[in-house]
Amino acid sequence: MRFVLRILKALALLLVLVVIAAAGWLFIRPPELLRVGDGYAAKIVCSNVFIAGRAAEDVLHDDVQAPGNPLLRLVRVSVDRDNDRVTARFMGLFAPSYALYRGAFGCTSVPDGNFEAAANAAPFDPPAKMQANDGLWPEGEGIDNPADGKIAALLADAGVAGPAMRAIVVVRNGRIVAEAYGPGFSAKTPLIGWSMTKTVNAAVLGRLMLGGKISFDDDNLLAQWKNDTRARIKVSDLLGMESGLAFNEDYGDVADVTRMLYLDPDMVSLPANAPMEAVPGQRFRYSSGTAVLLSRIWMDRVGNAQAAFSYPHDALFSPLGMTSAVFELDARGTFAGSSYLYATAHDWARFGQFLLQDGVWNGQRLLPEGFVGAMRTPTAASNGRYTQGQAWLAPGGSSAAFGLPEDTFWLTGHDGQSMAIVPSANLIVVRLGLTPSRLDYQPQVLLKAILAALPQPRGPQQQAGSQRQTQPQP
């Protein structure tokens, strides 16, 4: 009996030593997967608390833990409102990661814990916050007519709207004709667009292109690419996701994209140092790193840092009246053009209306002629799925396969964000939510149902007039 007790005591001591060793390992050298998870949690909670005004525990549970890796359920967060910081730790103890709120520039992940560098990377003179007015949308926030009954009924159908829908806005002939919101969300809630941000970032570059400071054919884009095969990469290659740069966009593990977003305070570093894997223009590779490179390139072309920080606001958001838009920066001061734009569904729809109007707003051309056309033109290397301007023609299947108009093009983002633009129907459908791809929801179902519910034109002349109409009607 004593021998058995000795064995049990020895095993218990061994177990304690193993637990202590494991805890020490997690404390001193936590695995990258845990650091990515904590970085993701800190960043998402920070943005939703400080930008959208949501409760931290709700964001942690609903946005981070429910749809994600099971390990995320062991993450705990704390919000320091005095210092505008969020800290996330695995089991409340290990692999700490941080996010910092910087006012008009939203939150940034601070993986190295260097809050001073992160704070100094954002200017002390942010653009002035715009105020929404009571005029009719898109000039203001007012809606002049009751919602279209048929479309409103569709939006209330969970099978059509999709799981965990947070906002849907339908715009026809330049006016909102129906909208719907999930529990806890409203027309005033800023929502993340994830990769829809890429198309907005491309439009910011297009504004600079209108002024002649950059062009599709520009090469030698980064100083570190000088005398390198990467010097041959053109702006058009980056816009079409055909740069030839290696980049792993797999979100299921620690990959280039998650390392860039949550482990590196300078998001530009990883894609800028990526090796070439193909000749520019010959291979399609979807890459969030490409969009961050475009941000760095257009910021460098603006001329000075302060002007670059203000440029999205001054050149795009202010003219369009996107009063809620918050375009976030990384910890070293580059706009996260791949992922991090928060805006209300009304403001996302404003951007869609702007593209529907071929880059013209209130009679003023803000994008070069042909720029929106590039957003609607497929690249050969993507087999017709992606376009020359950071947008999609066929996300998850061709328009023809769903019976949609051939001129439909899309902005799409992680977890079910989408915007469909249909010029021939003078229609925009914005759909935002928390709908992981494993649920197999396809926004084409929503768009097809809405198109079928629209009043049909009575004849060829009326149909032609509808297709030409791109400005809001009184």
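Remember, predicted model here, so these are calculated numbers, not experimental data. (Residues numbered from 1 in each chain as written. Predicted model: local features only at pLDDT ≥ 70, side-chain atom pairs only at ≥ 80, totals over all residues. Heavy atoms only, no water.)

**Q** Can you help me understand the UniProt feature "domain: Beta-lactamase-related" (unreviewed entry) in the chain in this one?
**A** The feature "domain: Beta-lactamase-related" (unreviewed entry), as given by UniProt, occupies residues 167–432 in the numbering adopted here. Segment residues 167–432 splits into 30% helix and 15% strand. End C-alpha atoms: 5 Å apart. (UniProt positions renumbered as here; feature names shortened; annotations may be inferred. Helix = DSSP H or I, 4+ residues; strand = E, 2+ residues; numbered from the N terminus.)

**Q** Looking at this model, I keep getting lost on the packing of aromatic side chains. Mind explaining?
**A** Two measures describe an aromatic ring pair: the distance that separates the ring centres and the angle between the ring planes. For the structure shown, the criterion picks out 17 aromatic pairs. For the ring pair Tyr286 and Tyr386, a centre distance of 6.0 Å and an interplane angle of 80° mean the geometry is edge-to-face. Here Tyr386 lies in the loop between α14 (371–375) and β12 (409–413) and Tyr286 lies in the loop between α10 (269–272) and α11 (288–302), a separation of 100 residues in the sequence. Its relative accessible area of 19% is what places Tyr286 among the buried residues. In this structure Tyr386 comes out as buried when scored by relative accessible area, which is 1%. Of note, Lys43 hangs over the ring of Tyr340, and the distance from its end group to the ring centre comes to 3.8 Å. (Phe/Tyr/Trp six-rings, centres within 6.5 Å; stacked < 30°, edge-to-face > 60°. Buried < 20%, exposed > 50% of the residue type's maximum accessible area, 1.4 Å probe, protein only. Lys NZ or Arg CZ within 6 Å of the ring centre and 35° of its normal.)

**Q** For this particular structure, what's the right way to read α11?
**A** Every α-helical turn comprises 3.6 residues, leaving residues that sit three or four positions apart pointing alike. The terminal C-alpha atoms of α11 lie 22 Å apart, and with 15 residues this matches the ideal 21 Å at 1.5 Å per residue to within 8%. With respect to burial, α11 is a largely interior element, 12 of its 15 residues being buried. Taken together, the buried positions of α11 are occupied by Ser288, Gly289, Thr290, Ala291, Val292, Leu293, Leu294, Ser295, Ile297, Trp298, Met299 and Val302. Along its buried surface, α11 packs onto α7 (196–210), α8 (235–239), α9 (256–262), α10 and α12 (305–320). The distance from a side-chain oxygen at the start of α11 to the backbone nitrogen of Gly289 is 3.2 Å, and the residue carrying that oxygen is Ser287. Just downstream of α11, Gly303 is the residue with a positive phi angle, here 130°. (Expected span 1.5 Å × (residues − 1). Contact = heavy atoms within 4.5 Å. Polar contact = N/O pair within 3.5 Å; in protein donor to acceptor, adjacent residues only side chain to side chain.)

**Q** Looking at this structure, I do not really get the pairing of strand β5 (residues 165–172). What am I missing?
**A** Residues in a regular strand point their side chains to alternate faces of the sheet. Along β5, eight of the eight residues are buried, which leaves the element largely enclosed by surrounding structure. With seven bridges joining them, β5 and strand β14 (residues 427–433) adopt antiparallel strand pairing. Paired with Val169 across the strands is Val430, a residue of β14. Of the pairings in the sheet, the one linking β5 to strand β6 (residues 175–181) comprises six bridges and is antiparallel in character. Counterpart to Val171 in the pairing with β6 is Ile176. Counted along the chain from β5 to the antiparallel partner β6, the turn is two residues long, and its residue Asn173 has a positive phi close to 55°. (Pairing = 2+ DSSP bridges.)

**Q** Looking at this model, I keep getting lost on the state of the cysteines. Mind explaining?
**A** Following the criterion strictly, the structure yields one disulfide and no others. Bridging Cys46 to Cys107, the disulfide has an S-S length of 2.1 Å. On the sign convention where negative means left-handed, the S-S torsion of about -75° between Cys46 and Cys107 marks this disulfide as left-handed. Linking Cys46 in helix α2 (residues 32–50) with Cys107 in strand β4 (residues 107–109), this pair joins segments that are 61 residues apart in sequence. (Disulfide = S-S within 2.5 Å.)

**Q** Explain the pattern of salt bridges to me, please; I cannot follow it from the model alone.
**A** As enumerated under the stated definition, the model contains 14 salt bridges in all. For Glu32, the salt bridge identified is with Arg259, shortest N-O distance 2.6 Å. Highlighted residues: Glu32 in helix α2 and Arg259 in helix α9, separated in sequence by 227 residues. Assessed through its relative accessible area of 33%, Glu32 is described here as partly exposed. A salt bridge links Arg166 to Asp63; the shortest N-O distance between them is 2.9 Å. With Arg166 in strand β5 and Asp63 in helix α3 (residues 56–65), this residue pair connects regions lying 103 residues apart in the sequence. A single burial state applies to Arg166 and to Asp63, both of which are buried. Linked through salt bridges whose partners overlap, the residues forming this network are Arg54, Asp63 and Arg166. (Salt bridge = Lys/Arg side-chain N within 4 Å of Asp/Glu carboxyl O.)

**Q** In this structure, what is going on with empty space enclosed by the protein? I would like to understand it.
**A** A water-sized probe, rolled over the atoms, reveals where empty space remains. By the definition in use, this model includes four cavities of 30 Å³ or more. Approximately 140 Å³ is the volume found for the largest cavity. What lines the largest cavity is a set of 15 residues, and nearest its centre among them are Asp63, Arg166, Ile192, Trp194 and Leu434. Listing elements by their share of the lining of the largest cavity, those giving two or more residues are α2, β7 (191–192) and β14. No other element matches the three residues that α2 contributes to the lining of the largest cavity. (1 Å grid on protein atoms, 1.4 Å probe; cavity = no way out; pocket = protein on both sides within 12 Å on 5 of 7 lines; lining within 4 Å. Points joined across faces, edges and corners; volume = space filled by probe spheres on them.)

**Q** What am I meant to see in the sheet that holds β5 here?
**A** Across a sheet, strands are paired by hydrogen bonds formed along the backbone, either parallel or antiparallel in direction. If you trace the five strands from one edge of the open sheet to the other, you get β6-β5-β14-β13-β12, paired in antiparallel fashion. The open sheet is flanked by β6 and β12, the only strands paired with a single partner. For this sheet the average axis-to-axis angle between neighbouring strands, irrespective of direction, equals 5°. For β12 and strand β13 (residues 417–422), the ladder comprises five bridges, and the chain directions are antiparallel. Bridge assignment links Thr412 to a residue of β13, and that residue is Ser418. On the sheet, α7 packs against β12, β13 and β14 and is oriented at approximately 120° with respect to β12. Of the strands in this sheet, β5, β6, β12, β13 and β14 touch helix α13 (residues 345–356), which is tilted by about 145° from β14. (Axes fitted to C-alpha atoms, helices over the stretch in contact; angles between N-to-C directions.)

**Q** What exactly am I supposed to notice about the nonpolar core here?
**A** Most often, soluble globular proteins have nonpolar side chains that are buried together. Of all hydrophobic cores here, the largest spans 109 residues; its most connected members are Trp298, Leu316, Phe317, Trp348, Phe351, Phe354 and Leu355. Examining the composition of this core, we find that nine residues originate from one element, α2, more than from any other. Among residues more than four places away in sequence, those in contact with Phe354 are Leu316, Leu320, Gly359, Val360, Trp361, Leu366 and Leu367. If you look at the next biggest cluster of nonpolar residues, it comprises 31 residues, including Met165, Val422, Ala449 and Leu454. (Core = buried A, V, L, I, M, F, W, Y, C linked by side-chain atoms within 4.5 Å.)

**Q** So what exactly am I meant to see when it comes to α2 here?
**A** Helix length check: α2 (19 residues) gives 27 Å between terminal C-alpha atoms against 27 Å at 1.5 Å per residue, within 8%. The element α2 is largely enclosed, with a buried count of 16 among its 19 residues.

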